[in-house]
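Notes for the structure review
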Amino acid sequence: MAGWESDHFIVLRDGRAVHMGKGVTGSRSSQRKHDTGKMNCNNYMPTSLRGIANRARRDRNARFRDLSRLLSEENLRWCFYQLRKTAACGVDGVTFKEYERDLDLNLERLVERLKKGAYRAKLVRRKHIPKGKGKTRPLGIPVLEDKLVQLASAKILTAIFDGDFSENSWGYRKGRGAREASRVLAQTLSHGRFGWVVEADIKGFFTNLDHDWMVKMLEERVEDRAFIGLIQKWMKAGVLEEDGKVVHPATGTPQGGIISPVLSNIYLHYVLDLWFESVVEKRCKGDAHFMRYADDFVCAFEYKADAEQFMEALERRLGKFRLEVAPDKTRMLKFSRYKEEPNEAFEFLGFEFRWVRSRKGKMWVRRRTSPKKLRASIEAFTEWIKANRHRRIGTLMRKVTQKFQGYWNYYGVVGNTQSLNKLYWECTKLLFKWLNRRSQRRSYTWEGFNEMFKHFGISRPRIMETINRQQEFNWKVSAK
């Protein structure tokens, strides 16, 4: 069993392992001066960031100095116009428009504080978002100026680390959406020789992320104390709870902070991704596959013994980094095309994955909306229509169209027609019911209601996913 774990804590991409980030020495990055013209935030990317990204991809041992210099007025202005204008305010109450009125002066003062080391992270306002069954998700809302510097820093870290990230890491990365991840996983399972699946979730990852380990991991690529110190300020920033209490966390990073996604990817890159590729996969007796989206991940194994050994080693591996699996969300299950019974299903990214037999008699992995997510969507629609049925019909129908279309865009995958139809029919009945309660007199018959749907062009269930036959062929060839 010990062979499933590396002798050291951090496993690097090339198979080496070290205890501390300082064990890696490398060349220094050469920075270029910024362009000084007015930037188009949609098309412009600082030359310095492109240079860092290219250097990081070419030299996996390179460590970068003087990154704090990239937090310039030009780069911060570029990042400012990428912030959401309607985002919730932090504890200081400053809005996007208010900060924009004196943007040049505000940025000048901000850069001056950063250079002098006088910048201080302000309290993070915490809001608890309901997530069903009486549970809530804590969401951290930094002040606008902290969001701005975090966004600029996140772009720097992304330029450095994104080239290091595994192909099996999907969360919080450009061009790697959840629906596409679900498609790739379904294809991999359909064409692979897998018989067992381990689905896992890390218990309270964002609140238990260890600050000391985070710094060591950043030092694998970053040699700038001021820049790392800036990140430490955000991780240690006080949290203002809804009841007015201020908490100073010893671990974790605020879920909702702009810097948190890239930090979580870096942390789990070293904790899980490289460990699986460099240690677990090589020591399995059969085929093995790993996919992670944020802190949720799924592993597939050809043999049951490999899956059992992985589950035992996983607890020890996570324990070294002050983490643990969520017992209620972690399990091993039979998942094989070769034996229809007994066979189980698992849920990942809002979909249920299950082996089914096609009309032609072939076994394939079908994705359908997770029953739990389907119920939650219908319940959410019920609460929304009850609260908004008094609005003008035109306004209401435009919002209904947006809700349906958003659902089709994500869940409209091949094989999921039945779930789409169920949601459409249930929501249509709810809409008919509550619109007829706008007054004492009945407003609509079903005939009139359907005519109204046609008038406003309410979109019916649609499969938005397209099948690339060449891509399917490539998958089958690679699986052989």
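Residues numbered from 1 in each chain as written. Predicted model: local features only at pLDDT ≥ 70, side-chain atom pairs only at ≥ 80, totals over all residues. Heavy atoms only, no water.

Bringing the overall build of the chain into the picture now. Along its length, the chain carries 16 helices and 13 strands. For the chain, with 480 residues in total, the buried portion stands at 49%. Accessible surface for the chain amounts to roughly 24900 Å². Of this, 48% is attributable to carbon and sulfur atoms. (Helix = DSSP H or I, 4+ residues; strand = E, 2+ residues; numbered from the N terminus. Buried < 20%, exposed > 50% of the residue type's maximum accessible area, 1.4 Å probe, protein only. Areas by Shrake-Rupley, 256 points an atom, 1.4 Å probe, with all protein chains shown as cover.)

Turning to the pattern of salt bridges, a few remarks are in order. Tallying each qualifying case throughout the model produces 21 salt bridges. Arg77 is the partner of Asp104 in a salt bridge, and the nearest nitrogen-oxygen pair spans 2.8 Å. With Asp104 in helix H4 (residues 103-116) and Arg77 in helix H2 (residues 73-80), this pair connects stretches of sequence that are 27 residues apart. Under the relative-accessibility criterion, Arg77 is labelled partly exposed at 26%. We note a salt bridge from Glu426 to Lys429, for which the minimum N-O separation is 3.6 Å. On the criterion of helical spacing, the pair formed by Glu426 and Lys429 is a turn pair, its members being three residues apart in helix H14 (residues 417-435). Classification of Glu426 by relative accessible area gives partly exposed; the value is 26%. Taken together, the salt bridges that share partners define one network made up of Arg57, Asp162 and Arg173. (Salt bridge = Lys/Arg side-chain N within 4 Å of Asp/Glu carboxyl O.)

This brings us to the environment of Asn421. Residue position: Asn421 is located in helix H14. On the basis of relative accessible area, Asn421 is assigned to the partly exposed category, the value being 39%. Sequence-wise, Asn421 and Arg460 are 39 residues apart; in three dimensions their C-alpha atoms are separated by 8.4 Å.

Positive charge collects at one region of the surface, where Lys131, Lys135, Arg137, Lys329, Lys372, Lys373, Arg375 and Lys422 lie side by side. Using a relative accessible area of 39% as the deciding quantity, one classes Lys373 as partly exposed. (Patch = residues over 30% accessible without salt bridge, like charges linked within 9 Å, V, L, I, M, F, W, Y side chains within 5 Å. Lys, Arg positive; Asp, Glu negative; His and termini not counted. Charge placed at Lys NZ, Arg CZ, Asp CG, Glu CD.)

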